[in-house]
Amino acid sequence: MTKLYRKLAVMIEAALAAASASAALQIVPAPRKAVEGDGSFVCNGDVAAQVKFESDAAMPKEGYRLSVAKDGIKVAASDDAGRFYALETLKQLSSKEGKDGTKVPCVEIEDSPRYSWRGFHLDECRHFFGKETVKSVLDLMARYKLNRFHWHLTEDQGWRVDVPGYPELVKYGAVRSASVRHGERAYTGTKEDAAKLNGVKYGPYYYTEADLREIVAYAAARHIQVVPEIELPGHVYAALAAYPQFACRPENLAARDPRLVWGIEKDVLCLGNDEAIKFMENVLDWVCKVFPGDVVHIGGDECPQIRWQSCPKCQERIKKEGLGDHNGLQPWVTRHFVKFLADRGKRTLGWDEYLLGDIPKSAIGMSWRESRTGAGHELVSGAAAATRGHDVVMTPCSYCYLDYRQGIEEDPFLYIGGKVTLERCYSFDPCAGVPDEAKAHILGGQGNNWTEYTWNEYDLAWKVWPRMLALSEVFWLGEAKPGFADFKSRAAVQRDWLIRHGVNCAPLE
Ligand SMILES: [Zn+2]
């Protein structure tokens, strides 16, 4: 008897696991709970038009209940995002059956996200992709229930937004006189690096305010918030090429050219210059008006302090504000802009080390390095920031950097280095290493694509897909993800779909 019960228990467990994993549904991210029924709903024309919606205030934010029966489809949700995601799930479930109409398998799904921040980041400064590529990125983000588009718009190597009142930004900052030749690696700006430049003008490439508003609206229609990033006080060389007077040493910008090689520029914003601070205020004030979301990213990473150490204006600021030494300048400017943005109803987001020093707890961290040491910086890990009471978005480079090699055979594209396989992406746990009491501060995660070695949309798609499929499931399901083998079989179906729709998705290796 005991043996029989045990056998039955194992069978029931297996059946339940199969139902909850819902491998047969072949969708990504997998729904949290799904019970498949018999038969299908069949209709001619638009399936979404057949859906009966009802409101259920008890449903979690962005969550939905989808019921597909032979005689109709019902969706219950408490918000528009939930209704939207129910329809996205329905699109993935629907199969076109030619003259017989569209078929959807009968199923009961109850679904909601583990994390509120499910992001994708695109660097348009090292290489520029343009509106149409961005729109296709947003379409795919919506399909896979990603809801934050982090748009890296300013850098040492390019400034990509046309800010009213500052025409030189795009005249000088949006065009490089040359770039690193395809296949070369150049970071330091030495003579040897200069020999690796291609001599080909790149740009001017930038977005007008109308373009930005168009993208913001396109994203909003897909329940995606655009998070603009305006870097400060480092990674601003392209802006300084436009306005050399905002650098500690304007003479270093005499060529009026953004940084041509990759890597980190030593010339940064002069924090002793009130006009330079005013310039950033004006830029961010405009950004707050163009981007209606509640978060603005101010970079804050990798800012060398060497110019500040010998700049009379910066030294004067240190004295006047009682900042101790040059180490006090970055926390000072961070506090300034956290308050400046808060006065405009925005929360500030920045990379790891911008949280060093006495920074208001309202500031959100974006953690990209797990280590607390390296590159001469003292770093703030995501776990440490969350423990100190900051909200954090986890984007550790060893899981989330899509410019790292993906470990596939005969890869035709170039990468910056590293290695992040599809399985590695899938194994990511945004809360790993975070003490239980601080886990509520982990807003979610994000896949980041830096584009030093990404030239065009084909290259970009190859690096993003299928790895972003794995991350989307991690961000949606968290600990409830059903496992890599289960994911891989569904991802294969999605890869076929992506390729049929012109997306240059890499193999699932
Ligand atoms: Zn200075």
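Residues numbered from 1 in each chain as written. Predicted model: local features only at pLDDT ≥ 70, side-chain atom pairs only at ≥ 80, totals over all residues.

### Considerations on the overall build of the protein chain
Quick note on the threshold: What counts as a helix is a DSSP run of H or I of at least four residues, what counts as a strand is a run of E of at least two, and both are numbered from the N terminus. For the radius of gyration, the atoms used are the C-alpha atoms, and the globule rule reads 2.2 Å times the number of residues raised to 0.38. Here a residue counts as buried when 20 or more other C-beta atoms sit within 10 Å of its C-beta, as exposed when there are 12 or fewer, and as partly exposed otherwise, the C-beta atoms being derived from the backbone. What counts as a contact is two residues whose backbone-derived C-beta atoms lie within 7 Å of each other.
Each helix and strand counted, the protein chain has 17 helices and 16 strands in total. Its C-alpha atoms give the protein chain a radius of gyration of 24 Å, near enough to 23 Å, the size a compact globule of 509 residues would have. With the C-alpha coordinates of the protein chain rotated into their principal frame, the extents come out at 85 × 50 × 40 Å. Considering the protein chain as a whole, with its 509 residues, one finds that 48% of them fall into the buried category. A sequence separation of at least 24 residues applies to 70% of the contacts in the protein chain between residues at least 6 apart.

### Regarding the packing of helix 3 (residues 131-143) against helix 6 (residues 209-220)
What counts here: Angles run from 0 to 180 degrees between N-to-C directions of axes, and those axes are lines fitted to C-alpha atoms, restricted for helices to the stretch in contact. Between 65 and 115 degrees an angle is taken as roughly perpendicular, under 35 as roughly parallel, over 145 as roughly antiparallel, and anywhere else as oblique. Here is the rule for handedness: rotate from the far helix to the near one, and if that takes an anticlockwise turn smaller than a right angle the crossing is left-handed, while a clockwise turn gives right-handed. The nonpolar class holds Ala, Val, Leu, Ile, Met, Phe, Trp, Tyr, Cys and Pro. Asp, Glu, Lys and Arg form the charged class, and all remaining residues, Gly among them, are polar.
Across the interface, helix 3 lies against helix 6 with an axial gap of 10 Å and an inter-helix angle of 15°. Of the possible angle classes, the one that applies to helix 3 and helix 6 is roughly parallel. At the point where helix 3 passes helix 6, the crossing takes the right-handed sense. Of the residues in helix 6, those touching helix 3 at Lys131, Val134, Lys135 and Leu138 are Asp211, Glu214, Ile215, Tyr218 and Ala219. Class assignment for the residues of the contact of helix 3 with helix 6 results in 5 nonpolar, no polar and 4 charged.

### Looking at the nonpolar core
Condition: What we call a nonpolar core is a set of buried Ala, Val, Leu, Ile, Met, Phe, Trp, Tyr and Cys residues whose membership is set by joining through C-beta atoms within 7 Å. Domain extents, as shown, originate in an automatic or database domain assignment.
Counting residues in each nonpolar core, the largest one holds 144 residues, and the members touching the most others are Met141, Phe149, Val226, Leu240, Leu269, Cys270 and Trp465. When residues of this core are assigned to their parent elements, the largest contribution, 8 residues, is made by helix 16 (residues 467-477). When residues of this core are sorted by domain, at least three fall in each of domain 1 (20-111) and domain 2 (117-500). Aside from chain neighbours lying at most four places away, what touches leucine 269 is Leu232, Pro233, Val236, Phe246, Ala276 and Met280. One finds Val180, Ala186, Leu260 and Trp262 within the second-largest nonpolar core, a separate group that totals 5 residues.

### Looking at the sheet that holds strand 13 (residues 392-394)
Quick note on the threshold: Two strands qualify as a pair provided DSSP detects at least 2 bridges between them.
The strand order 7-8-9-10-11-12-13-16 describes a closed barrel built from 8 strands, whose pairing is parallel. On average, each strand axis in the sheet is inclined to that of its neighbour by 30°, with strand direction left out of account. Strand direction decides the pairing type here: strand 9 (residues 225-232) and strand 10 (residues 295-299), joined by 2 bridges, are parallel. What sits directly across from glutamate 229, in strand 10, is histidine 297.

### Concerning helix 15 (residues 457-464)
What helix 15 keeps buried is the set Leu460, Ala461, Trp462, Lys463 and Val464. Tucked into the core, helix 15 has its buried residues touching strand 16 (442-449) and helix 16.

### Points about the pairing of strand 2 (residues 51-55)
Of all the 5 residues making up strand 2, 0 are buried; the element is thus mostly uncovered. By the bridge criterion, 5 bridges tie strand 2 to strand 4 (residues 72-77) in an arrangement that is parallel. By the bridge assignment for strand 4, glutamate 54 is matched with alanine 76.

### Re the domain arrangement of the protein chain
It is common to give the size of an interface as the accessible area that goes away when the parts come together. In terms of domain boundaries, the protein chain breaks down into domain 1 (20-111) and domain 2 (117-500). Each partner contributes to the interface: domain 1 provides 12 residues, whereas domain 2 provides 18 residues. Here the side of domain 1 that touches domain 2 gets 4 residues from one element, more than from any other, and that element is helix 2 (residues 80-93).

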